[in-house]
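What follows is the residue order along each chain.
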Amino acid sequence: MERKAFPERGLDADVVLDEMENRRDSDTDWRNGRTWNLVYHPDDDIKDFRERAHEKYASENALGPSAFPSLRRFENEVVAMTADLLGGDNKTVGNITSGGTESILLAVKTARDWAQENLDIGHPEIIAPETVHPAFAKAAHYFGMDLTTVSTTSDWRADPEAMVNAITDETALMVGSAPSYPHGVIDPIEEIAAAANERGLLCHVDACIGGFVLPFLPDIGYSIPDFDLSLPGVSSLSVDPHKYGYTAKGASVILYRDDLLRQEQYFAYDGWPGGVYVAPNMTGTRPGGPIASAWAVLNHIGKEGYRDYTQTVMETTEQLQQGIEAIDMLKVVSDPDMCIFAFESTSDEVNIYSVHEELTKRDWTLSRQQRPPNIHLSVMPSHARIVDEFLTDLIDSTNAARNKQPEHETALYGGGGALSPNTDLESAAIEMLNQVYHLK
Ligand SMILES: *Cc1c(COP(=O)(O)O)cnc(C)c1O
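The model shown is predicted, which means the values in this text are computed figures rather than measured ones.

Enquirer: Would you mind going over unusual backbone geometry in detail, with residue names and values included?
Expert: With an omega dihedral of -10°, the bond running from Ala-178 to Pro-179 counts as a cis peptide bond. Following Arg-371, the chain continues into Pro-372 via a peptide bond in cis, with omega recorded as -15°. Structurally, Pro-372 is set in the loop between strand S12 (367–369) and strand S13 (374–378). Unlike most non-glycine residues, Asp-120 shows phi in positive territory, near 55°. The class of Asp-120 is exposed, set by a relative accessible area of 69%. Positive phi, close to 55°, is recorded for Asn-403, a residue that is not glycine. The residue Asn-403 is located in the loop between helix H11 (387–401) and helix H12 (428–437) in this model.

Listed below in structure tokens is the structure:
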């Protein structure tokens, strides 16, 4: 069934649902652990539970908290639970957003407005390590700000000294990740936050991917540096239930040290014939499903459950890393702090992008990264049972990739800086978007 025109007569419900199942067959098989990004799959029980909770609220709209006090309660409790987990105190406030990107957009917009008001800066700047998520570049672009990205130290962690040297009269916000997505290492947040604090600047911690893993590591014997709101100087923090919180897609949390700062996030407009319009975040209609699912899953798994999942992913990560290091021509990049990491080639004979192509042929879904050229893995509990299968395929793929150039274009992984929101999006970027998304 290829539908282009709007059907004159509605199709039978079963026909539509069957067609959805058919189409899904061509998607990546994340349910069976073939996928190392995009979907955070713990196990079938939690998957079913999060979907049931989502379904209960699939029609509700959190834009109207007085019509849906239940959603307001879910949101406030999810904010309180994540604040409890991440070093907040009784002054900590926050909101649920549609995802990590929206949380970051809000943190940056809040910093801009705060700095314009409190520091009298006309054109506020952000300073972040080069490894910071592109959502900060997006935010700077959307909100008319400058993002200065600073080189990391050789272990791919932020270099606080270099960040301090990049501070100007216009700097409003300093950023660190816990951990960074590309290499899975935690930036020295304590130093970054202290430097910001000393100068009266704001400091955001991007714990989007780490926020539901890192707090449990000390309990199971791993030591990690402090990274959360308990550090003086950390003024906001983002964390995504829809990643390692294992909740339905569409839920992130943005936390602020206090209400005074969070006020800068709000939007209010009374010039509309439709009445006064206020919104705490960026969206209008706010789907109830992700909020309800976040509340349900956090309560259902509990700290004990997250600790167990953390143990599973850390053990699985260690097995994978040992297996990768045992392959002559491969090695793990830097010294990852949790269950996301990257591996690179150590041999001139092996192009890592060719290894990626071989793995893709063997039905694995992984992402390629550019500095250094590498393959990225986010390890989930559902991967525990496919470690051997993956490592066997990785050995085969590495051998098959020997002395072979990648078949597909990798020019876009050159990091030449041709793609930036500030350049005219003429050719390369538009071509890439069309290619990746098959935009019609
Ligand atoms: C995933 C991620 C984001 C962005 O979150 P989305 O939910 O994809 O918008 C930001 N920062 C880090 C470190 C992430 O891993």
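After that view of the structure, there is still more to cover.
Enquirer: How would you explain the sheet that holds strand S10 (residues 330–332) if you had to name every residue and give the values?
Expert: As summarised here, the arrangement of the 4 strands in space is S10-S11-S13-S12, forming an open sheet in which the pairing is antiparallel. The sheet is open, and its two borders are formed by S10 and S12, each paired with just one other strand. Averaged over all pairs of adjacent strands, the angle between their axes in this sheet comes to 35°, without regard to strand direction. In terms of strand pairing, S10 meets strand S11 (residues 340–345) through 3 bridges, oriented antiparallel. Paired with Leu-330 across the bridge in S11 is Ser-345. Packed onto the sheet, helix H9 (residues 288–325) meets S10, S11 and S13 and runs at close to 145° relative to S10.

Enquirer: Give me H11: which residues, what numbers.
Expert: With 15 residues, H11 should reach 21 Å at 1.5 Å per residue; the first-to-last C-alpha distance of 21 Å fits that figure. If you check which residues of H11 are buried, you get Val-387, Phe-390, Leu-391, Asp-393, Leu-394, Ser-397, Thr-398 and Ala-401. The buried residues of H11 occupy an angular sector of 165° when projected down its axis, which confines them to one face. Lining the buried residues of H11 we find H9, S10, S11, helix H10 (352–361) and S13. Positioned one or two residues after H11, Asn-403 has a phi angle of 55°, which is positive.

Enquirer: Could you give an account of the pattern of salt bridges, naming the residues involved and the relevant values?
Expert: Inspection of every chain in the model, using the stated rule, returns 24 salt bridges. In this structure, Arg-371 engages Glu-130 in a salt bridge whose closest nitrogen and oxygen atoms are separated by 2.9 Å. Of this pair, Arg-371 sits in the loop between S12 and S13 while Glu-130 sits in the loop between strand S2 (125–129) and helix H5 (135–142), and the two are 241 residues apart along the sequence. On the basis of relative accessible area, Glu-130 is assigned to the partly exposed category, the value being 26%. Among the ionic pairs, Lys-361 bridges to Glu-407, the shortest N-O distance being 3.7 Å. Separated by 46 residues along the polypeptide, Lys-361 in helix H10 and Glu-407 in the loop between H11 and H12 bring together distant segments of the chain. Linked by salt bridges that have partners in common, Glu-358, Lys-361, Arg-362, Lys-404 and Glu-407 make up one network.

Enquirer: Go over the site of the ligand, please, and point to the residues and values.
Expert: What surrounds the ligand is the set Gly-99, Gly-100, Thr-101, Ile-104, His-133, Tyr-181, Asp-206, Cys-208, Ile-209, Asp-240, His-242 and Lys-243. Within the contact set of the ligand, an oxygen atom lies 2.6 Å away from a side-chain nitrogen or oxygen of Thr-101. Here an oxygen atom of the ligand sits 2.8 Å away from a polar atom, N or O, in the side chain of His-242. The residue inventory of the shell around the ligand, partitioned by class, reads 4 nonpolar, 5 polar and 3 charged.

Enquirer: Got a sec to walk through the pairing of S13? Specific residues and values, please.
Expert: The buried count for S13 comes to 5 of 5 residues, which makes it a mostly enclosed element. Residue alternation in S13 divides its side chains into two sets, Asn-374, His-376 and Ser-378 and Ile-375 and Leu-377, and both sets are buried. Here 5 bridges tie S11 to S13, and the two strands are oriented antiparallel to one another. Across the sheet, residue Phe-343 finds its bridge partner in S13, namely Ile-375. Taken together, the 3 bridges between S12 and S13 define a ladder with antiparallel strand orientation. Across the sheet, Ser-367 pairs through a bridge with His-376, a residue of S13.

Enquirer: Quick rundown of the packing of aromatic side chains? Include the residues and the values.
Expert: Under the definition given, this model contains 13 aromatic pairs. For the ring pair Tyr-40 and Tyr-244, a centre distance of 5.1 Å and an interplane angle of 70° mean the geometry is edge-to-face. Taken together, the positions of Tyr-40 in the loop between helix H1 (13–24) and helix H2 (44–56) and Tyr-244 in the loop between strand S6 (236–239) and strand S7 (252–256) put the pair 204 residues apart, joining distant regions of the chain. Tyr-244 shares its class with Tyr-40; the two are buried. Ring centres of Tyr-246 and Tyr-306 lie 6.4 Å apart, and the angle between their planes is 10°; this geometry places the pair in the stacked category.

What counts and how
Residues numbered from 1 in each chain as written. Predicted model: local features only at pLDDT ≥ 70, side-chain atom pairs only at ≥ 80, totals over all residues. Heavy atoms only, no water. Helix = DSSP H or I, 4+ residues; strand = E, 2+ residues; numbered from the N terminus. Buried < 20%, exposed > 50% of the residue type's maximum accessible area, 1.4 Å probe, protein only. Pairing = 2+ DSSP bridges. Axes fitted to C-alpha atoms, helices over the stretch in contact; angles between N-to-C directions. Contact = heavy atoms within 4.5 Å. Expected span 1.5 Å × (residues − 1). Arc of directions from axis to C-beta. Salt bridge = Lys/Arg side-chain N within 4 Å of Asp/Glu carboxyl O. Near = heavy atom within 4 Å. Polar contact = N/O pair within 3.5 Å; in protein donor to acceptor, adjacent residues only side chain to side chain. Nonpolar A, V, L, I, M, F, W, Y, C, P; charged D, E, K, R; others polar. Phe/Tyr/Trp six-rings, centres within 6.5 Å; stacked < 30°, edge-to-face > 60°.

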